[in-house]
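# An overview of the molecular structure
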Amino acid sequence: MTNAKRGSEALMEAWRDAGQPISDEFVSGLADITSELVLERILIRGIPRPDVLQATFRADGDSQGTQIGSVVQQVVDLAHRTNVVQHTALTWQTRGLPPLIDAQVIEVSVGAGYRAR
């Protein structure tokens, strides 16, 4: 006879293996770091424990270059501090063609499906 799992055991195992929930500390830290930027898009998945967050932030103009570098470094430090660095992807890009840069964009993706690049 095999050791079949009961439905409740399988459910609890799936719950435990469902990914790393995103902590309040990470979300509030990200909100503080990006408070000067425009939030373009946000997606949060996982009920009742959010374990995927994707957010896109924008700084208008080219003069924000030093600010964007600082924001990226702060987000990396936050990911290390809150232990989500292995499940975090950051992208940074400019919009527009030099010498006229319209905006700089940072996309932050955190969750079990993301690996640091």
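Up top you'll find the structure we're talking about.
Residues numbered from 1 in each chain as written. Predicted model: local features only at pLDDT ≥ 70, side-chain atom pairs only at ≥ 80, totals over all residues. Heavy atoms only, no water.

Of the regular secondary structure elements, the protein holds three helices and four strands. Starting at the N terminus and walking to the C terminus, you meet the elements of the protein as α-α-β-β-α-β-β. By the burial criterion, 30% of the 117 residues in the protein qualify as buried. The contacts in the protein between residues at least 6 apart in sequence include a share of 65% that link residues at least 24 apart. Accessible surface for the protein amounts to roughly 7,700 Å². Of this, 55% is attributable to carbon and sulfur atoms. (Helix = DSSP H or I, 4+ residues; strand = E, 2+ residues; numbered from the N terminus. Buried < 20%, exposed > 50% of the residue type's maximum accessible area, 1.4 Å probe, protein only. Contact = heavy atoms within 4.5 Å. Areas by Shrake-Rupley, 256 points an atom, 1.4 Å probe, with all protein chains shown as cover.)

Here strand β1 (residues 38-45) runs beside strand β2 (residues 52-60); their pairing, made up of seven bridges, is antiparallel. Looking at the pairing, I44 lines up with L53 of β2. (Pairing = 2+ DSSP bridges.)

Here we take up the sheet that holds strand β3 (residues 88-97). Across the sheet, which stays open at both edges, the four strands sit in the order β1-β2-β4-β3 with antiparallel pairing between neighbours. The outermost strands of the open sheet, each flanked by one partner alone, are β1 and β3. Going from strand to strand, the sheet's axes swing by 10° on average, the running direction of each strand aside. (Axes fitted to C-alpha atoms, helices over the stretch in contact; angles between N-to-C directions.)

Counted by the stated rule, this structure contains four salt bridges. The salt bridge partner of E40 is R58, with a shortest N-O separation of 2.9 Å. Of this pair, E40 sits in strand β1 while R58 sits in strand β2, and the two are 18 residues apart along the sequence. Residue E40 is classed as partly exposed on the basis of its relative accessible area of 32%. Here R58 ties to D60 by a salt bridge, and the two come within 2.6 Å at their closest N and O atoms. (Salt bridge = Lys/Arg side-chain N within 4 Å of Asp/Glu carboxyl O.)

This part is about unusual backbone geometry. The backbone of N83 shows a phi angle near 60°, a positive value even though the residue is not glycine. Within the element layout of this structure, N83 appears in the loop between α3 (65-81) and β3.

For R81, the location among the structural elements is in helix α3. With 55 residues separating them in the primary sequence, R81 and F26 have C-alpha atoms 8.6 Å apart.

Let's shift gears to the nonpolar core. Counting 18 residues, the largest nonpolar core has F26, L30, L37 and V108 as the members making the most contacts within it. Of all the secondary-structure elements, those providing two or more residues to this core are α2 (24-33), β2, α3 and β4 (100-111). Among the elements that line this core, the one with the most residues is α3, at five residues. When neighbours within four sequence positions are excluded, L30 is seen to be in contact with L53, F57, V75, L78 and V108. (Core = buried A, V, L, I, M, F, W, Y, C linked by side-chain atoms within 4.5 Å.)

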